[in-house]
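Observations on the three-dimensional arrangement
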Amino acid sequence: MSDHERVLSRRSSLEIKEKEIRERGSEILREQLDATKKELKLKDKECERLSQVRIQLEEELEELTASLFEEAHKMVREANVKQAAAEKRLREAQGKIDVLQAEVTALKTLVLTSTPSTPNRQLHPQLLSPKATSHKAGRGHTRNKSASGILQPTPEKPDGPSVSGPPAAEEQREADSTLYAEFLMWKDRPSSVDRASAFISRIYREDIGPCLSFTRSQLSQSVQSAVESNSLSIEPVAMSAIPMVKATAIECGGPKKCALSGMSRLCRHRIKLGDKESYYYISPSSRARITAVCNFFTYIRYIQQGLVRHDAEQMFWEVMRLRSEMTVAKLGFYHTDQG
């Protein structure tokens, strides 16, 4: 074979191989194109699905927004109605408070202007002239029964001649110089429970301590603390509605047993100490002793707050009267209408 033939043969084989390579490349490209088309179709379907989801979410969001706005408007309307009702109740309550404050002011004026030396005749009907009280004849003696029994003045000598019996001797009094000096020192800087004061310390030692010393010593201390903090309350007990006393019968007493003395007595009142849940039934004598101490502290607080418009001597004798009430109550004396 000549050189020319060999060259031709080689060229021919190269052309055949080139043709095969082209055909193979075309086939690969077609396969890749088909795969790409399939992938694009899948992505188109996914985009369409996501678009539907987006449209659905937008619709739900619009519905939720509308619902929230409606609910918010409803809540605002209800709040406005409640606010109007609350403001109305507040105005009514404020009016009631104004009335009660006026009544309390009037009551304080009556109480604080009555002392043993100058009793208030409105608090003591027996001191009025016979003409003014003649229409009350036959009713018997009446007693001012305020809610708290504050500062009940002692009976004074009535005006006019006595109907029967010898005339009563006029009461005389003379202030103890030591007591009066201690009172004046305390009055310059009044404090209701500051035992550093000689005046208050003496009264605790001679009057308050003995008056509030009961058989149940621990409960007695609690009662004294409640009286000092002005957090003790006394209330009458409806005998037909007295609850059964169970586990705390000894501590709280009962309708027929005084919680303070432990003695069997008919208890028509009970006390509550501050925020404690327990009620303690007390006898008439125990109530009289507690009330006497409460009356003393009430008057002392009035002086401390500047509500008593009397001179020092009048205040002193009113304090002495309240001390005598504590002494009498400690000895076991009390009015039957207190029971």
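Residues numbered from 1 in each chain as written. Predicted model: local features only at pLDDT ≥ 70, side-chain atom pairs only at ≥ 80, totals over all residues. Heavy atoms only, no water.

For the record, the criterion: UniProt positions are given in the numbering used here, feature names are shortened, and annotations may be inferred rather than shown by experiment.
Identification of the protein as GDP/GTP exchange factor Sec2 N-terminal domain-containing protein from Muraenolepis orangiensis is taken from an unreviewed UniProt entry. Quoted verbatim from the Sequence similarities (unreviewed entry) field of UniProt, the annotation for the protein is "Belongs to the SEC2 family."

A closer look at the packing of helix α3 (residues 177-188) against helix α8 (residues 312-330)
For clarity, the threshold we go by: For helices, the axis comes from a line fit to the C-alpha atoms of the stretch in contact; other axes are also lines fit to C-alpha atoms, and the angle between any two N-to-C directions lies between 0 and 180 degrees. Numbering of helices and strands runs from the N terminus; a helix is a DSSP stretch of H or I covering at least four residues, while a strand is a stretch of E covering at least two. Working definition: roughly parallel below 35 degrees, roughly antiparallel above 145 degrees, roughly perpendicular at 65 to 115 degrees, and oblique for all remaining angles. Handedness of a helix crossing follows the sense of rotation of the near helix relative to the far helix, less than a right angle counterclockwise being left-handed and clockwise being right-handed. Whether two residues are in contact is decided by their heavy atoms, any of which lying within 4.5 Å being enough. Under the grouping applied here, Gly and all other residues not named as nonpolar or charged are polar, the nonpolar ones being Ala, Val, Leu, Ile, Met, Phe, Trp, Tyr, Cys and Pro and the charged ones Asp, Glu, Lys and Arg.
At their nearest, the axes of α3 and α8 sit 11 Å apart, and the two run at 110 degrees to each other. Here α3 lies roughly perpendicular to α8, going by the angle between them. In the packing of α3 onto α8, the handedness of the crossing is right-handed. Along its contact with α3, which presents Leu179, Tyr180, Phe183, Leu184 and Lys187, the element α8 presents Ala312, Glu313, Met315, Phe316, Val319, Met320 and Arg323. Counted by class, the contact of α3 with α8 contains nine nonpolar, no polar and three charged residues.

Some words on the packing of aromatic side chains
Applied cut-off: Centres within 6.5 Å are what make two rings of Phe, Tyr or Trp a pair, Trp counting through its six-membered ring; a difference in plane orientation under 30 degrees is then read as stacked, over 60 as edge-to-face, and the rest as tilted. With a 1.4 Å probe rolled over the protein chains alone, any residue whose accessible area is under 20% of its type maximum counts as buried; one over 50% counts as exposed, and the rest are partly exposed. Counting as a charge over the ring demands two things of the Lys NZ or Arg CZ atom: a distance within 6 Å of the ring centre and an angle within 35 degrees of the ring normal.
In total, this model carries eight aromatic pairs according to the counting rule given. Aromatic pair Phe183 and Trp186: ring centres 6.1 Å apart, planes at 35 degrees, arrangement tilted. Of the two residues, Phe183 and Trp186 are both situated in helix α3; the distance of three residues between them amounts to about one turn of the helix. By the burial criterion, Phe183 is buried, and Trp186 matches it. Judged by centre distance (5.5 Å) and plane angle (70 degrees), the rings of Phe183 and Phe199 are edge-to-face. Taken as a pair, Phe183 in helix α3 and Phe199 in helix α4 (residues 198-211) lie far apart in primary sequence, 16 residues in all. Accessibility expressed as a relative area gives 0% for Phe183, which makes it buried. Taken together, the ring pairs in this structure connect Tyr180, Phe183, Trp186, Phe199, Phe316 and Trp317 into an aromatic cluster. Directly above the aromatic system of Tyr204 lies the positively charged group of Arg195, at a separation of 3.9 Å from the ring centroid. The ring of Tyr279 has Arg270 sitting right over it, with the charged end atom 3.8 Å from the ring centre.

Brief notes about the pairing of strand β3 (residues 279-282)
Condition: When DSSP finds at least two bridges between two strands, those strands are taken to pair.
Pairing of strand β2 (residues 269-273) with β3, which is carried by four bridges, proceeds in the antiparallel orientation. Looking at the pairing, Arg270 lines up with Tyr281 of β3. Two successive antiparallel strands, β2 and β3, enclose a turn made up of five residues, where Gly274 displays a positive phi of approximately 60 degrees.

What to know about the pattern of salt bridges
The condition is simple: A pair is scored as a salt bridge if a Lys or Arg side-chain nitrogen falls within 4 Å of a carboxyl oxygen belonging to Asp or Glu.
Summed over the entire model, instances satisfying the criterion amount to 13 salt bridges. Here Arg54 and Glu58 are joined by a salt bridge, their closest N and O atoms 3.0 Å apart. Of this pair, Arg54 and Glu58 are both found in helix α1 (residues 3-112), four residues apart, which corresponds to roughly one turn of the helix. Of the charged contacts in the structure, one is a salt bridge between Glu228 and Arg195, with a shortest N-O distance of 3.1 Å. Here the residue Glu228 occupies a position in helix α5 (residues 217-228), and Arg195 occupies one in the loop between α3 and α4, the gap between them amounting to 33 residues. Owing to a relative accessible area of 21%, Glu228 belongs among the partly exposed residues under this scheme. On the basis of relative accessibility, which here comes to 44%, the residue Arg195 falls in the partly exposed class.

With respect to the environment of Ser229
The test is simple: In the analysis that follows, any N or O atom pair within 3.5 Å is treated as a polar contact, provided that within protein one partner can donate a hydrogen and the other can accept it, and provided that, for residues neighboring in sequence, both atoms belong to side chains.
As for its position among the elements, Ser229 is in the loop between α5 and β1 (232-236). Placed 68 residues apart in sequence, Ser229 and Phe297 show a C-alpha to C-alpha distance of 9.8 Å. A distance of 3.2 Å separates a polar atom in the side chain of Ser229 from the backbone oxygen of Ala226.

Comments concerning the state of the cysteines
Cut-off, in case you're wondering: Only a pair of cysteine sulfur atoms within 2.5 Å qualifies as a disulfide here.
What the rule picks out here adds up to zero disulfides. Counting only cysteine sulfurs, Cys267 is the nearest neighbor of Cys258, a cysteine outside any disulfide, at a range of 5.2 Å.

Comments concerning a positive patch on the surface
Under the convention used in this document: Only residues above 30% relative accessible area that lack a salt bridge enter a patch, with like-charged residues linked at up to 9 Å and the nonpolar side chains Val, Leu, Ile, Met, Phe, Trp and Tyr linked at up to 5 Å. A 1.4 Å probe and the Shrake-Rupley method give the accessible areas. Residues count as covered only by the protein chains that appear here. His is not counted, nor are the chain ends, whereas Lys and Arg count as positive and Asp and Glu as negative. Each charge is placed at NZ for Lys, CZ for Arg, CG for Asp and CD for Glu.
Where like charges cluster on the molecular surface, the positive patch consists of Lys37, Lys38, Lys41 and Lys45. Looking at the element boundaries, Lys38 is found in helix α1. Since its relative accessible area comes to 59%, Lys38 is described here as exposed.

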